[in-house]
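What follows is the residue order along each chain.
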Amino acid sequence: MRKVTNINADWIFVDPKTQKAENVTLPHTWNALDGQDGGGDYYRGEAVYFHSFSCPEMKEGERLYVEFKGVNSSCRVILNEQEVGKHDGGYSTFRIDLTSGLKKENVLKVLVDNRENDRVYPQKADFTFYGGIYRDVNLIQVPKDHFDLDYFGSKGLKVDATPKDGKGEVTVHAFTKSDKKVEITIQDQEGNKVLSLKNSETGTIDNVHLWDGRKDPYLYIAIARLLDEDGSVLDAVSTRFGFRTFSFDSKRGFFLNGRPYPLHGVSRHQDRLGKGNAISRKDHIQDMELIEEVGANTIRLAHYQHDDFFYDLCDEKGMIVWAEIPYISKHLQNGDENAIQQMKELVYQQYNHPAIVVWGVSNEITMVNKNRKAMLALHHRLNDMLHKIDPARKTTLACYAMCTPFDKTAHLTDIVSWNLYLGWYVPFFFLNDLWISFFHFLYPKRVLGYSEYGAEGMPNLHSPKPKRFDNTEEYQCLYHEHLLECFKRHPYLWATHVWNMFDFGSDGRDQGGDPGKNHKGLVTFDRAIKKDAFYLYKAFWSDEKFLHLCGKRYVNRHERKTEIKVYTTLGQVTLFHDGKKVETKTGDKIIAFHLPLHEGKNEIAVSSGDFREEMTINKVAVPDDSYKVHSGNSMSWEKKKK
Ligand code: GCB
């Protein structure tokens, strides 16, 4: 049987700037601070990690692999001064066989490199490329006969599951380094054995329990055992999977298990304030809890492969997932092989997740519109390859706003989506309706989605007259109120994804007086503040009964009459001013009052049934200057030229 040992502890990291060695525990990045402080000058270079370990007891023919779950961006692995492997691409799992170089005591040296180059994606994007070994590292000891560990970091187990007339057809392909027999067992979520199969044999489960999105994300488990002649188990692997069907209709949107299932959700970047990409399981779980609370039923896991653990959470919570590779903003002259490799890793590693329904080929790739012929050729290669290696899922991409509806790029994947910031980077909310209707009119058979839309919103910035680019929490709310209404008028969109669920690091940015970050999140970078817009979505998407009073951070107000706004699922709210009832209003999700303020402190309360929220507003004579942006408000995320 295989033995997996986590080796996150006891690494030595040599700081490339100071050449000082320090003890670190993984996950680790060297850009946790300089990658989020603005200026675009974070360290992009090479750094060295060391880890010493004793060779475990190894029987004849056994092998020892090291497994990295994410090292950004490229690395070379050296065992006892001999190079044993390398990897390009910072977001996928890869493994290296250490066996031939093992000694009793071993030193693993990992040279990690996040330097600029023209062959490993991504190189140009609105997010920080944090260098380091920022996910788990394991040693995997396997017997001579074992499930394959060498195929694009996959588990060696591929499950195809299709529901048919109340039954579930399932085929499990196990890939081995062995000619011994494989036995496969399928268990239901309660741990009951429901089926036994041979390798690559198709079996049927009666009364199959579907994986049915947020309401019933039911999972089965496939366990594969490699058996010796005497029946003893040599190696075993397992994977969860689910039975579901899905389809896309250009006029009716997304269907799950044959029923309309309108997709509304968010995009997620994985990094955090002060941590960069070196996040913990607890952090992943908190992210998922927030996404569940807001009521999303789909997540675009942008702009790269996320941690395996997060795809697992998506399965468990019934989220519909768009998974993608970091083929973004710019086609690299020598990057084709790397894009293909990253796509294979993504698909082979994440194939069994029922949550994933589309593979994203690229994002805003026409932004740098050079090498067009080569760019289109690579898109065709990726698209064709995906159809071959995973015919059951669809391909998509996220088009750049400046990419016209007629552009070839928009017509080569199965379905398409657009990143449009109409009402943010470009004025006028009504353009959203116009754009969607125009595309739908031109291409009624083309399945269309809104892959990105959003506006910067900072909890410290406020205005009674919110305007585009003011970065206030109030403008962010206004923007999203318009977009939510707009989407109601276009129910045929296959999915809408807010950009972004969380603020994230983008060191080249200098915006809203808080450089190094993109603030379009519904939740702050440290996950501490749910912005008012978070509750707007919660009111539209979730079933939870709640009431949220907006503007609690907008304390010092100078306007004579102020807006008191409530996001709620309760349908009715009563407003109190200094303890006295002012008015009861009914409304759908957004209920607003216009209240005259008196000088000094105004005690505000809103209530509905048992729900009550309060705040104090300070009426001031002149606008509070601290609510305005004073330094740096550029929309660009590119490193400033010195
Ligand atoms: C986009 C990009 C995304 C950016 C976003 C923005 O279209 O795909 O990576 O972060 O715009 O905020 O400008």
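Further up the page is the structure itself.
Now for a quick tour of the structure. (Residues numbered from 1 in each chain as written. Predicted model: local features only at pLDDT ≥ 70, side-chain atom pairs only at ≥ 80, totals over all residues. Heavy atoms only, no water.)

**Looking at the pattern of salt bridges**
Thinking step 1. Taken as a whole, this structure holds 50 salt bridges when the rule is applied.
Thinking step 2. Between Arg-240 and Glu-316 there is a salt bridge; the shortest N-O distance is 2.9 Å. Here the residue Arg-240 occupies a position in strand 23 (residues 233-241), and Glu-316 occupies one in helix 2 (residues 308-317), the gap between them amounting to 76 residues.
Thinking step 3. Judged by relative accessible area, Glu-316 falls into the partly exposed class, the value being 35%.
Thinking step 4. Notably, a salt bridge pairs Lys-520 with Glu-456, separated by 2.9 Å at the nearest N-O pair. Here Lys-520, found in the loop between strand 37 (517-518) and helix 7 (532-541), pairs with Glu-456, found in the loop between strand 34 (448-452) and helix 6 (473-488); they are 64 residues apart in sequence, far enough to count as distant. (Salt bridge = Lys/Arg side-chain N within 4 Å of Asp/Glu carboxyl O. Helix = DSSP H or I, 4+ residues; strand = E, 2+ residues; numbered from the N terminus. Buried < 20%, exposed > 50% of the residue type's maximum accessible area, 1.4 Å probe, protein only.)

**Description of the side chain of Thr-568**
Thinking step 1. Turning to its location among the elements, Thr-568 is positioned in strand 40 (residues 561-568).
Thinking step 2. For Thr-568, a relative accessible area of 0% corresponds to the buried category.
Thinking step 3. A distance of 2.7 Å separates a polar atom in the side chain of Thr-568 from the backbone oxygen of Phe-546.
Thinking step 4. For Thr-568, the residues in contact, after removing those within four places along its chain, are Ala-539, Phe-546, Leu-547, Val-573, Lys-589 and Ile-591. (Polar contact = N/O pair within 3.5 Å; in protein donor to acceptor, adjacent residues only side chain to side chain. Contact = heavy atoms within 4.5 Å.)

**A short note on the nonpolar core**
Thinking step 1. By size, the foremost hydrophobic cluster in this structure holds 114 residues, and its most contacted members are Trp-418 and Met-501.
Thinking step 2. Considering every element that reaches this core, the biggest residue donor is helix 7, with eight residues.
Thinking step 3. Discounting chain neighbours no more than four positions away, the residues touching Met-501 are Val-266, Ser-267, Leu-290, Ile-291, Val-294, Gly-521, Leu-522, Val-523 and Phe-534.
Thinking step 4. Of all hydrophobic cores here, the second largest spans 26 residues; its members include Phe-13, Val-66, Phe-68 and Val-137. (Core = buried A, V, L, I, M, F, W, Y, C linked by side-chain atoms within 4.5 Å.)

**With respect to the site of the ligand**
Thinking step 1. In the vicinity of the ligand there are 13 residues, among which Asp-126, Glu-364, Tyr-425, Glu-452 and Lys-520 approach most closely.
Thinking step 2. Take Glu-364: an N or O atom from its side chain is 2.2 Å from an oxygen atom of the ligand.
Thinking step 3. In this structure, an oxygen atom belonging to the ligand sits 2.5 Å away from a side-chain N or O atom of Lys-520.
Thinking step 4. When the ligand sits alone it has 320 Å² of accessible area, and the protein chains cover 95% of it.
Thinking step 5. When its residues are assigned to classes, the shell around the ligand shows four nonpolar, four polar and five charged. (Near = heavy atom within 4 Å. Areas by Shrake-Rupley, 256 points an atom, 1.4 Å probe, with all protein chains shown as cover. Nonpolar A, V, L, I, M, F, W, Y, C, P; charged D, E, K, R; others polar.)

**A few points about the packing of helix 1 (residues 281-294) against helix 2**
Thinking step 1. Between helix 1 and helix 2, the least distance of the axes is 10 Å, while the angle of their chain directions is 35°. When you trace helix 1 past helix 2, the crossing you get is right-handed. Across from Arg-281, His-284, Ile-285, Asp-287, Met-288, Ile-291 and Glu-292 in helix 1, the residues of helix 2 making contact are Phe-309, Phe-310, Leu-313, Cys-314 and Lys-317.
Thinking step 2. Residue classes in the contact of helix 1 with helix 2 are distributed as seven nonpolar, one polar and four charged. (Axes fitted to C-alpha atoms, helices over the stretch in contact; angles between N-to-C directions. Left-handed = near helix turned anticlockwise from the far one by under 90°.)

**Comments concerning helix 4 (residues 372-389)**
Thinking step 1. An ideal rise of 1.5 Å per residue puts 26 Å on 18 residues; helix 4 measures up with 26 Å between its terminal C-alpha atoms.
Thinking step 2. Taken together, the buried positions of helix 4 are occupied by Met-375, Leu-376, Leu-378, His-379, Leu-382, Asn-383, Met-385, Leu-386 and Ile-389.
Thinking step 3. On its buried side, helix 4 packs onto helix 3 (336-350), strand 31 (356-368) and strand 32 (394-399). (Expected span 1.5 Å × (residues − 1).)

**Remarks on the sheet that holds strand 22 (residues 220-227)**
Consider a sheet: its strands pair through backbone hydrogen bonds, and that pairing is either parallel or antiparallel.
Thinking step 1. With antiparallel pairing, the four strands of this open sheet are ordered in space as 18-17-22-23. The open sheet is flanked by strand 18 (193-198) and strand 23, the only strands paired with a single partner. Looking at each pair of strands side by side, their axes are set apart by 20° on average, direction ignored.
Thinking step 2. As defined by bridge partners, strand 17 (residues 181-187) adjoins strand 18 across five bridges and the pair is classed as antiparallel. Counted as the bridge partner of Thr-185 is Ser-196 from strand 18. (Pairing = 2+ DSSP bridges.)

**Considering the sheet that holds strand 44 (residues 600-608)**
Thinking step 1. Spatial ordering of the open sheet is given by 39-45-44-41-42, a layout of five strands whose pairing is mixed. Edge strands, defined here as strands with exactly one partner in the open sheet, are strand 39 (556-557) and strand 42 (580-586).
Thinking step 2. As judged from the nine bridges shared by strand 44 and strand 45 (residues 611-619), these two strands associate in the antiparallel manner. Note on strand 45: the bridge partner recorded for Asn-602 is Ile-617.

**Examining the packing of aromatic side chains**
By convention here, two paired aromatic rings are described through the distance between centres and the angle between planes.
Thinking step 1. What the rule picks out here adds up to 42 aromatic pairs.
Thinking step 2. With 6.0 Å between their ring centres and 25° between their planes, Tyr-220 and Phe-241 make a pair best called stacked. Taken together, the residues Tyr-220 in strand 22 and Phe-241 in strand 23 connect sequence positions 21 residues apart.
Thinking step 3. Both rings, one in Phe-406 and one in Phe-438, keep their centres 6.4 Å apart while their planes meet at 80°; by these two values the pair is edge-to-face. Taken as a pair, Phe-406 in the loop between strand 32 and strand 33 (416-419) and Phe-438 in helix 5 (residues 430-442) lie far apart in primary sequence, 32 residues in all.
Thinking step 4. The class of Phe-406 is exposed, set by a relative accessible area of 51%.
Thinking step 5. Among the residues examined, Phe-438 registers a relative accessible area of 41% and is labelled partly exposed.
Thinking step 6. An aromatic cluster is present here, built from Tyr-421, Trp-424, Tyr-425, Phe-429, Tyr-450, Tyr-453, Phe-469, Tyr-475, Tyr-479 and Phe-487 joined pairwise through their rings.
Thinking step 7. Looking at Arg-393, its charged tip hangs above the ring of Tyr-351, at a distance of 5.6 Å from the centre.
Thinking step 8. Directly above the aromatic system of Phe-546 lies the positively charged group of Lys-538, at a separation of 4.8 Å from the ring centroid. (Phe/Tyr/Trp six-rings, centres within 6.5 Å; stacked < 30°, edge-to-face > 60°. Lys NZ or Arg CZ within 6 Å of the ring centre and 35° of its normal.)

**Focus: helix 3**
Thinking step 1. Taking 1.5 Å as the rise per residue, helix 3 with 15 residues should run 21 Å; its terminal C-alpha atoms sit 21 Å apart, in good agreement.
Thinking step 2. Burial within helix 3 is extensive, with eleven of its 15 residues counted as buried.
Thinking step 3. At its buried positions, helix 3 is contacted by strand 8 (82-88), helix 2, strand 29 (320-324), strand 31 and helix 4.

**So, the packing of helix 6 against helix 7**
Thinking step 1. Two elements in contact, helix 6 and helix 7, have axes whose closest approach is 8 Å; the angle formed by their N-to-C orientations is 25°. One element, helix 6, and the other, helix 7, form an angle in the roughly parallel class. In the packing of helix 6 onto helix 7, the handedness of the crossing is right-handed. Mapping the contact onto sequence places Glu-473, Gln-476, Cys-477, His-480, Glu-481, Leu-484, Glu-485 and Lys-488 in helix 6 and Asp-532, Ala-533, Leu-536, Tyr-537, Phe-540 and Trp-541 in helix 7.
Thinking step 2. Here the residues of the contact of helix 6 with helix 7 sort into seven nonpolar, two polar and five charged. (Parallel < 35°, antiparallel > 145°, perpendicular 65-115°, else oblique.)

**Brief notes about a nonpolar patch on the surface**
Thinking step 1. The grouping of Phe-406, Phe-438 and Phe-441 at the surface amounts to a nonpolar patch, some 380 Å² of accessible area in total.
Thinking step 2. Mapped onto the elements of the fold, Phe-441 is located in helix 5.
Thinking step 3. Note on Phe-441: relative accessible area 66%, which makes it exposed. (Patch = residues over 30% accessible without salt bridge, like charges linked within 9 Å, V, L, I, M, F, W, Y side chains within 5 Å.)

**Some points on unusual backbone geometry**
Thinking step 1. With an omega of -20°, the peptide bond running from Ala-302 to His-303 counts as cis.
Thinking step 2. Position of His-303 among the secondary structure elements: in the loop between strand 28 (298-301) and helix 2.
Thinking step 3. Each neighbour pair has its own omega, and for Trp-499 with Asn-500 the value is 15°, a cis peptide bond.
Thinking step 4. Residue position: Asn-500 is located in the loop between strand 35 (495-498) and strand 36 (504-505).
Thinking step 5. We note that Ser-200 has phi near 65°; this positive angle belongs to a residue other than glycine.
Thinking step 6. Of note, Ser-200 is situated in the loop between strand 18 and strand 19 (202-205).

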